[in-house]
Amino acid sequence: MNAIVDRLREQVLAACGRRRLEIRGGGSKSWYGAPDPDAEPLEVGLLSGIIRYEPSELVLTAYGGTPLREVEALLARHGQWLPFSPPHFADSATIGGAVAAGLSGPTRWGHGALRDYVLGVRVLDGQGRVLRFGGEVMKNVAGYDVARLFAGSLGTLGVILEVSLKVLPLPPATLTLRFACSQDEAIERLNRWAGQPLPLSASVWWQGEMTLRLAGARAAVEAAAARLGGEVLPEAAAQRFWEEVREQRLPVWNLHEGEVLWRLALPPTTPAWADAEDALVEWGGGLRWLRRPVGDDSWFERARAVGGHAVRWRGARAGERVFAPRGAAERAIEERLKAAFDPDGVFARRLPLE
Amino acid sequence: MAETALHTPSPAVTREVFVAELRRLLPADGLIHEEAELRAYECDGLSAFRELPWAVALPRTEEEVVALLQTCHRLRVPVVPRGAGTGLSGGALPHPQGLVLSLARLNRILALDPFARTATVQPGVRNLAISEAAAPYGLYYAPDPSSQIACTLGGNVAENSGGVHCLKYGLTVHNVLRVRGYTAAGEPVVFGSLAPDAPGYDLLALAIGSEGMLAVVTEITVKLLPRPQTARCILAAFDSVRAAGEAVAAIIAEGIIPAGLEMMDQGATIAAEDFVHAGYPLEAAAVLLCESDGTPEEVEEEIARMGAVLERCGATEWRVSRDEEERLRFWAGRKAAFPAAGRVSPDYYCMDGTIPRKALGEMLEAIAEMEREYGLRCLNVFHAGDGNLHPLILFDANQPGEWERAEAFGADILELSVRLGGTVTGEHGVGVEKINQMCVQFSPVELEAFFQVKAAFDPAGILNPGKAIPTLHRCAEYGRMRVSRGKLPFAELPRF
């Protein structure tokens, strides 16, 4: 592996000041963020393999290019999982790419986000420095939490050579319930239930149906199901459904010509918008998906006005804003962080600092 | 790189001029500058390090905080933010030519939204006060450092505080949604969001645990969780520390994440029992506390599963708390471990390394060896679930040389933590205390990167300078003093 790292370092240093590089693991999320048509790919897929995994330590360390499905299969064999259920979007998805994208799937509602599970990284930055931050233990406050900074940085700061993640035992029992209700009723109920000691795991509201996943101790799941009511989905159908949500295969995510798919992260209690009854609502109200015609830019402002933010998830045209703007002081800090790790701007700005 | 500027910003004024400037910004009762009164601020919970600041400011409003920051920034006067001063690593140790910015009077709970399960508080609000305010709604704030009756949320954010329940419920970084505050230059900033995520880099993650070096936080929004309906605790005894350590691994391997999983060695057990009469078995080499919380059905199921594991792992005895009173008594001993150490010894020095759980036996054997080497006793309490070890080194500061021996003993433990694949600090922070050991954990380029992160937030370097991240010069000096196991760290560096 050292030879691969050396080769990557040479490629980065050779490109410094000459061209921009786009870090590429499995290419499964190459549509996400702001593309840079002039950047050349920096392939990191060879950097693959599990480095350390001891189930009783609840930590897994892998090279960045390790296929996500390989990581998940290994964990499953030991009765463990990545509780943030990262979307794959293609079989080729890598663990480093998942961390760089910072995306979590449906169980983020009940079990936390990807960034919550990042314990450490080893990275190659734009100066060719190999740096290790964080580590392989649960509690670690030595130095700034730079490992978590890399989560969701979209390859703008450096190559994730290795990553250590906290992993957890699979919940002993799961159950999926379905209820007929309006979007507002779903938002109201899910927030109310989230304030009660219930084993909530994931939720989706779409087209008048609320689907709720429970996960936890068998006794807790059974007691909750008895209390909440609803129709029980057979386990096989439930698993298929949650995978379709994680991989965004339901029709709401099918983008038609002339449309933009908006991702709206909002305070979960935000009431449903009257003109957004067609939304798909995840994460107990905290995440909403909408398809709208190209040219309707109001969602950046509407999300901001309620304390959230919008992403033009798919369908952005060249030069269009993808992520919501930040404040002036925050932007200045982000620019200086980028400059600290990548002073020559060798890594493409898939996450624009604007 | 501008190492010198970051570490020793030299004020552009004299102390007298500075104090005169501050008087224009604050009412008389908001400013302390007389030596006798400054004494109260000369140290935090780590009293071995003391320093008198030029002045202490006690703002009551955000506007005063901004004015103070702008003034200090203009005059290049270092600012050391401070909460309740309960920190254990000297993070709030004053700068000898600086201002201590106490945020203790910004102590209001600004909003509590039971429907959204959030509380928005000022930094001077005490940790426990949030859970008390949320209790009528069946909610609470999960991180519970042992000092929670006194420590402030601002301090918790600065240190990324944990507690005894963080294996299941996370650290401060997992429970804070958003902070609002100011850069060293006094510009307003917001990190994080009330939505599930925020655009751009995760600046919230950098701010949390940054030991007051990146920004001054004036408002914190935390996540509130539903209070578990019930909790029960198992007290288990083992005739060897190794067996207790294996039981911890076996519980996790069984797929159980206990709400709390704590270990105490015999010395700590005896000291705690003598103090609070928790009912601990005194003949045991190690005691485990295993807590389960949730619905009554869930707890019953988990307690039975943990009991079976403990049995299998050779617990010499184990019993389950019969009622809430007994459960709290089990915990009282653990939570009183530090004061209990204070009763059996004139002074104690608390360490905070984290190691992979599997290395516990090796670490405790090494500590026993160090006790002989340094001629000092050590009590061991351990957040066993997450590998965070708190050895309490007993010493008498009035005996010449004992503090120096305790300090060297502690350094040995921390450096062994790094060699075992862990870290020098799990939850207490680096501060001034563990700054030398940072040279062992991080390479020169990593330390350089930390300084660049610091400069990204605070280019002038006035926020809590000299803490947490050692200069390469300091590491070289430390390396010269301490050749560890025949290996000189930073051998490639020029010696200054």
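On a predicted model such as this, the values are computed, not experimentally measured, just so you know. Starting from 1, residues in each chain are numbered consecutively following that chain's sequence as written. Chain letters and ligand numbers both follow the written order, the letters beginning at A and the numbers at 1. Where totals are concerned, whole chains, interfaces and linings use all residues; where local detail is concerned, this predicted model gives features only for residues with pLDDT of at least 70, and gives and counts side-chain atom pairs only at 80 or more. The side-chain figures draw on all heavy atoms in the structure; neither hydrogens nor water molecules are used.

### Some words on the overall build of chain B
The numbering of helices and of strands both runs from the N terminus, where a helix is a DSSP run of H or I of at least 4 residues and a strand a run of E of at least 2. A tally of regular secondary structure across chain B gives 19 helices and 18 strands. Against the 2.2 N^0.38 benchmark of 23 Å for 496 residues, chain B shows a C-alpha radius of gyration of 23 Å, consistent with a compact globule. Oriented by its inertia axes, the alpha-carbon framework of chain B measures out at about 70 × 60 × 45 Å. Looking at chain B as a whole, 63% of its 496 residues are labelled buried. Every residue pair with non-hydrogen atoms within 4.5 Å of one another is taken to be in contact. Summarising the internal contacts of chain B: among those between residues at least 6 apart in sequence, 71% fall at separations of at least 24. Element-wise, carbon and sulfur atoms account for 52% of the exposed surface of chain B, whose accessible area totals about 17,500 Å². We score Asp and Glu as negative and Lys and Arg as positive, and we do not count His or the chain ends. For charged residues, the charge sits on one atom: NZ in Lys, CZ in Arg, CG in Asp, CD in Glu. Placing the 44 positive and 64 negative side-chain charges of chain B at their respective mean positions leaves the two points 3 Å apart. The size measure is the radius of gyration over C-alpha atoms, and the globule rule it meets is 2.2 Å times the number of residues to the 0.38 power. Burial status follows relative accessibility: with a 1.4 Å probe on protein chains alone, a residue under 20% of its type maximum counts as buried, one over 50% as exposed, and anything between as partly exposed. To measure how exposed things are, a 1.4 Å probe is used in the Shrake-Rupley method; for residues, cover is taken only from the protein chains shown.

### What about unusual backbone geometry?
In this model, Ser85 of chain A sits at a positive phi of 35°, which is unusual for a non-glycine residue. Relative to the assigned elements, Ser85 of chain A resides in the loop between β5 (80-81) and α3 (95-101). Positioned with a positive phi, Asn160 of chain B is a non-glycine residue whose angle comes to about 50°. In this fold, Asn160 of chain B is placed in the loop between α6 (153-159) and α7 (166-169).

### Some points on the sheet that holds strand β16 (residues 347-350) of chain B
All names here are of chain B. A pair of strands counts as paired when DSSP detects no fewer than two bridges linking them. Taken together, seven strands build an open sheet; the order of strands is β15-β12-β14-β13-β17-β18-β16 and the sheet is antiparallel. Across the chains shown, the open sheet's two edge strands, defined by having one partner strand only, are β15 (317-320) and β16. Strand-to-strand twist across the sheet, computed as the mean angle between neighbouring axes with direction ignored, equals 15°. As judged from the four bridges shared by β16 and strand β18 (residues 388-395), these two strands associate in the antiparallel manner. Directly across from Tyr349, in β18, lies its bridge partner Ile393. Every angle, taken between N-to-C directions, lies between 0 and 180 degrees, and every axis is a line fitted to C-alpha atoms, over only the stretch in contact when it is a helix. Sheet strands touched by helix α11 (residues 266-276): β13 (260-265), β14 (286-294) and β17 (378-383). Its angle to β13, the strand with the most contacts, is close to 95°. Contacts between helix α14 (residues 337-344) and the sheet are confined to β13, β16, β17 and β18, with β18 contributing the most and set at about 15° to the helix.

### Considerations on helix α11 (residues 328-341) of chain A
Taking 1.5 Å per residue, 14 residues should reach 20 Å; α11 of chain A reaches 20 Å between its end C-alpha atoms and fits that length. Among the residues making up α11 of chain A, those that are buried are Ala329, Glu330, Ile333, Glu334, Leu337, Lys338, Ala340 and Phe341 of chain A. At its buried positions, α11 of chain A is contacted by β6 (118-125), β7 (130-134) and α6 (146-150) of chain A together with β9 (188-192), α9 (203-207) and α18 (444-457) of chain B. Here the expected span of a helix is defined as 1.5 Å times the quantity of residues minus one.

### Points about the state of the cysteines
Disulfides are defined as cysteine sulfur pairs within 2.5 Å. Overall, the coordinates contain one disulfide over all chains when judged by the stated rule. Free cysteine Cys166 of chain B: the closest other cysteine sulfur is in Cys151 of chain B, separated by 13 Å.

### Observations concerning the UniProt feature "domain: FAD-binding PCMH-type" (unreviewed entry) in chain B
UniProt positions are given in the numbering used here, feature names are shortened, and annotations may be inferred rather than shown by experiment. Feature annotation in UniProt assigns "domain: FAD-binding PCMH-type" (unreviewed entry) to the following positions: residues 49-227 of chain B. Taken end to end, residues 49-227 of chain B is 23% helix and 25% strand, and its first and last C-alpha atoms sit 39 Å apart.

### Let's talk about the domain arrangement of chain B
All names here are of chain B. An automatic or database domain assignment supplies the residue ranges for each domain. Domain boundaries in chain B define domain 1 (15-102), domain 2 (117-226), domain 3 (230-339) and domain 4 (345-355 + 367-379 + 395-486). For domain 2 versus domain 4, the separation of C-alpha centres amounts to 26 Å. Taken residue by residue, the interface counts 15 residues in domain 2 and 14 residues in domain 4. At the boundary of domain 2 with domain 4, total buried surface from both sides reaches about 1,200 Å², with 64% on carbon and sulfur atoms. The largest contributions to the domain 2 side of the interface with domain 4 come from Glu211, Met213 and Leu214, which together make up 50% of the buried area. As a working definition, buried area equals the accessible area (1.4 Å probe) given up by two parts on being put together, with both sides summed.

### Concerning the packing of helix α10 (residues 241-253) of chain B against helix α15 (residues 360-374) of chain B
Residue and element names in this part refer to chain B. Viewed as axis vectors pointing N to C, α10 and α15 meet at an angle of 155°, and their least axial separation amounts to 9 Å. On the basis of their axis angle, the class for α10 and α15 is roughly antiparallel. The chirality of how α10 crosses α15 is right-handed. Across the interface between the two elements, Val241, Arg242 and Gly245 from α10 touch Leu360, Gly361, Glu362, Leu364 and Glu365 from α15. In terms of residue class, the contact of α10 with α15 is made up of three nonpolar, two polar and three charged. The labels follow the angle: roughly parallel below 35 degrees, roughly antiparallel above 145, roughly perpendicular from 65 to 115, and oblique for the rest. Note on convention: near helix rotated counterclockwise from far helix by under a right angle means a left-handed crossing. Clockwise means right-handed. In this classification, the charged set is Asp, Glu, Lys and Arg, the nonpolar set is Ala, Val, Leu, Ile, Met, Phe, Trp, Tyr, Cys and Pro, and all remaining amino acids, among them Gly, are polar.

### Structural notes on helix α10 (residues 298-305) of chain A
Residues and elements named next belong to chain A. Within the sequence span of α10, burial applies to Trp299, Phe300 and Ala303. Projected down its long axis, α10 carries its buried residues within an arc of 110°, all on one side. Where α10 is buried, its residues touch β14 (259-265), β16 (287-293) and β17 (309-314). Looking one or two residues past α10, Gly307 carries a phi angle of roughly 95°, positive in sign. By arc we mean the arc of the directions from the helix axis to the C-beta atoms, nothing more.

### Observations concerning the pattern of salt bridges
In the sections that follow, a salt bridge refers to a side-chain nitrogen of Lys or Arg positioned within 4 Å of a carboxyl oxygen of Asp or Glu. Applying the stated criterion across every chain, the model contains 58 salt bridges over all chains. Residue Asp202 of chain B pairs with Arg115 of chain A through a salt bridge whose shortest N-O separation is 2.9 Å. Pair noted here: Asp202 of chain B is in the loop between β9 and α9 and Arg115 of chain A is in helix α5 (residues 114-117), and the two residues belong to different chains. Across the pair, exposure class does not vary: Asp202 of chain B and Arg115 of chain A are buried alike. The partner of Glu42 of chain B in a salt bridge is Arg50 of chain B, and the shortest N-O contact between them spans 2.8 Å. Residue classification places Glu42 of chain B among the buried positions, given a relative accessible area of 10%. Overall, Arg50 of chain B belongs to the partly exposed group, its relative accessible area being 46%. Linked by salt bridges that have partners in common, Asp297, Arg312, Arg317 and Glu320 of chain A make up one network.

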